[in-house]
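Notes for the structure review
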Amino acid sequence: MGYAEVMARKSEILLRATGLDYRSFSRGPLAFDYDAMMERVGYPLEEIRRIQSTAGVGRTPLLEMRRLTEAVRRISPEGKGARILVKDEACNPSGSFKDRRASVSAFHAGKNGYKGIIAATSGNYGAAVASQAAMYGLRCIIVQEVFDSSGRGQPEILEKGRKCEALGAEVIQTTVGPELFYVLLSLLEETGFFNASLYTPFSVTGIETLGVEIAEQVREVAGRDPDLVAVTHAGGGNITGTARGLRRAGCTSTEVLAVSVDLSGLHMASDRDFNRKSFTTGHTGFSMPFTSWPDRVDVPRNAARPLRYIDRFVTVTQGEVFFATEALAQAEGLERGPAGNTSLAAALALAREMDRDRIIVVSETEYTGAGKHPTAQLAFAEQAGVIVESGDPRDNAPGRRIVIPADLRRMSVSEVDLDRLRESYVRRAAQEAPGGLGDEEVEFLAAETRVPAERVRQWLSARSHS
Amino acid sequence: MSMGARAGDWVRIRVTILPAGERAPGIPADTASHPYQGWIDGWAAHEAAIGERVTLRTLAGRTVEGTLADVNPGYAHSFGRPHPALLAVGPSLKKLLED
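Please read all numbers here as calculations on a predicted model, not as lab measurements.

About the criteria used
- Residues numbered from 1 in each chain as written.
- Chains lettered and ligands numbered in written order.
- Predicted model: local features only at pLDDT ≥ 70, side-chain atom pairs only at ≥ 80, totals over all residues.
- Contact = placed C-beta atoms within 7 Å.
- Helix = DSSP H or I, 4+ residues; strand = E, 2+ residues; numbered from the N terminus.
- Nonpolar A, V, L, I, M, F, W, Y, C, P; charged D, E, K, R; others polar.
- Pairing = 2+ DSSP bridges.
- Axes fitted to C-alpha atoms, helices over the stretch in contact; angles between N-to-C directions.
- Parallel < 35°, antiparallel > 145°, perpendicular 65-115°, else oblique.
- Domains from an automatic or database assignment.
- pLDDT = per-residue confidence, 0-100.
- Left-handed = near helix turned anticlockwise from the far one by under 90°.
- Buried ≥ 20, exposed ≤ 12 C-beta atoms within 10 Å, placed from the backbone.
- Core = buried A, V, L, I, M, F, W, Y, C linked by C-beta atoms within 7 Å.

Here we take up the interface of chain B and chain A. The interface is formed by 38 residues belonging to chain B together with 56 residues belonging to chain A. Counting only elements with at least two residues in the side of chain B that touches chain A, the list comes to strand S2 (10-18), helix H1 (29-32), strand S3 (36-44), helix H2 (84-87) and helix H3 (89-98) of chain B. Tallied by class, the residues present in the side of chain B that touches chain A amount to 20 nonpolar, twelve polar and six charged. Note: strand S5 (residues 170-175) of chain A against S3 of chain B, three bridges, orientation antiparallel. Looking across to S3 of chain B, one finds that isoleucine 172 of chain A is bridged to isoleucine 40 of chain B.

In this section: the packing of helix H4 (residues 45-54) of chain A against helix H11 (residues 208-222) of chain A. Residues and elements named next belong to chain A. Taken N-terminus to C-terminus, the directions of H4 and H11 make an angle of 95°; their axes are 10 Å apart at the nearest point. Considering their axes alone, H4 and H11 lie roughly perpendicular with respect to each other. Between H4 and H11, the contacting residues are Leu45, Ile48, Arg49 and Gln52 on the first element and Glu208, Thr209 and Val212 on the second. Broken down by class, the residue content of the contact of H4 with H11 amounts to three nonpolar, two polar and two charged.

Residue and element names in this part refer to chain A. Assigned domains within chain A: domain 1 (3-30 + 96-201), domain 2 (52-95 + 204-415) and domain 3 (418-465). With eight residues of domain 2 at the contact, the number on the domain 3 side is nine residues. Its residues assigned to classes, the side of domain 2 that touches domain 3 comprises four nonpolar, two polar and two charged.

The next point concerns the confidence of the model for chain B. When pLDDT drops low, the exact placement of atoms in the prediction is not to be read closely. Residues with a pLDDT of 70 or more make up 98% of chain B, whose mean pLDDT is 95. Overall fold confidence for the complex sits at a pTM of 0.96, while the interface term, ipTM, reaches 0.96.

Moving on, we get to the packing of helix H2 (residues 10-18) of chain A against helix H9 (residues 180-191) of chain A. Helix-helix packing is characterised by the crossing angle of the two axes and by the distance between the axes. Residues and elements named next belong to chain A. Closest axis-to-axis distance for the H2/H9 pair is 10 Å, and the angle between their directions is 60°. One way to sum up the angle between H2 and H9 is to call them oblique. Crossing of H2 over H9 shows left-handed handedness. Contact with H2, carried on its side by Lys10, Ile13 and Ala17, involves Leu185, Leu188 and Glu189 of H9 and no other residues of that element.

All names here are of chain A. The residue leucine 138 is located in the loop between helix H7 (124-136) and strand S4 (139-147) in this model. The class of leucine 138 is buried, set by 24 C-beta atoms lying within 10 Å. The spacing of leucine 138 and lysine 372 is 234 residues in sequence and 27 Å in space, taken between C-alpha atoms. If sequence neighbours within four positions are ignored, leucine 138 has contacts with Ala106, Ala109, Gly110, Tyr114, Lys115, Gly116, Ile117 and Ala133.

With that settled, the discussion passes to unusual backbone geometry. Trans peptide bonds make up the majority, and among non-glycine residues the majority have a negative phi. All names here are of chain A. Glycine 337 connects to proline 338 through a cis peptide bond whose omega is 15°. Along the chain, proline 338 falls in the loop between helix H15 (318-332) and helix H16 (342-350). Even without being a glycine, arginine 450 presents a positive backbone phi close to 55°. As for its position among the elements, arginine 450 is in the loop between helix H19 (439-449) and helix H20 (453-465).

Residue and element names in this part refer to chain A. Taken together, the seven strands give an open sheet; going across it, the order is S1-S2-S10-S7-S8-S9-S13, and neighbouring strands pair in mixed fashion. At either end of the open sheet lies a strand with only one pairing partner, and these are strand S1 (62-64) and strand S13 (414-415). Here strand S9 (residues 312-316) pairs with S13 via two bridges, running antiparallel. Bridge assignment links valine 314 to a residue of S13, and that residue is glutamate 415. Its contacts with the sheet put H16 on strand S2 (83-87), strand S7 (228-232), strand S8 (255-261), S9 and strand S10 (359-362), and the angle it makes with S7 is roughly 145°.

Residue and element names in this part refer to chain A. The biggest cluster of nonpolar side chains holds 154 residues, and the ones touching the most others in it are Ile117, Val129, Ala346, Leu348 and Ile360. Sorting elements by how many residues they give to this core places H15 first, with eight residues. Beyond its immediate chain neighbours, meaning those up to four positions away, valine 129 contacts Ala102, Ile117, Ala119, Cys140, Ile142 and Ala196.

Set out below in structure tokens:
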């Protein structure tokens, strides 16, 4: 069936595949009642905890990075060097925090009589959906973008495909292209299975338990709230769900830090660029577009709305994340990642600037394995002609050069200007509503971007005069 | 049997999901110039040689037809090789902690 034909039926296919009618939350051309959607569609926190506990999801250990904290203190000014704690999400059944997201979708699909679930994802989420589907006796299909046109597969995604198959899922592996969404729609229509989208309220509220557990565990070990929670940021679900959980637990002064791997300059839909990146998630190729316009997803409204929750946003280089991954293995005895260690890389840099009595929590780790490992990614990068060397990470150039810091002192972060992303969001919103934006729409955009309505009006009028 | 599959063998098929020219609008030229292809594993419904059309049954129970690409396909991804730039990280941290 043709591309345009299937895409034209998008709304009806998605409605049937989630059972969610988003129209009831709509308040105008753009505005919708986000809180009501999360409240009414998602499950209450206690119910989610019960669902996850039954499925062996969550309640992962919070580990103190004693040696890494000490190493940071040795290179920090007097009195500096925050305490670093890591939430070991690799201990979830399929090896990542994504089990939290999949658990609620699988529970909901089973409860509502769906025979199977489908997800279009090249990430750990595929294994999470496959694992939860196996637990609930649901059939499962995972669609992944894996190969460039010459048939070379990204090693990390090949591993994720193997894992999905090992967990009993049918895996469809495609060449590069955004038509993954077309495949998803075709399959949903053919099978009548549930769309285990990453972006439904089920998926995002499933992560709230992570934020709540972080708050509870930090209070237990330190008697206080975390000062900074570093979250690897791609599509926005991780940061949204974790921050919502922290708020639920009453962490009012905790700073929520989004961290992405800098892949600027590489086009995500480009066949040539596809295998020139050494990270398949947690990178700016997802986080920039999804932060500045969340509703580019496989459901009518995205439950992950990063600008509502991000307090600060930084990027790190690929080489710095590989350094953090190696550091975690060699100094702490934990072989994890690599992509999940994106926020650890930022924590190692930022701890140096923070007082010793401050607490940084790295919100997740992920499982590692063949393909999904720094050595596999570096060998693959070199095959693609990317230079890999030890040195100063400022010489890093996505797709051309990976520089692994020669020592801990070289670790740093680059600040992302949140106002630029907010303005970009507002400008895009104005394009979506050519008839103009009324007061309710402006108030909605202000809530979305966490700025006063007046600021939104300024951005809108700057646009109309430019 | 290396050149083909018997009924019941675990195999991999290739399917052309969208030919070049019928792909999503707005994708980069280096992507649009290639067909959009997919690979699916399952049990062959009948005998076929590599390159011939074959029908298979997937792990999710679907029946799909495509071109036979592989019989008993394996997993070839690996851990790669240790890289000198990466090997230097552990000792640098240990030195920092021991000094």
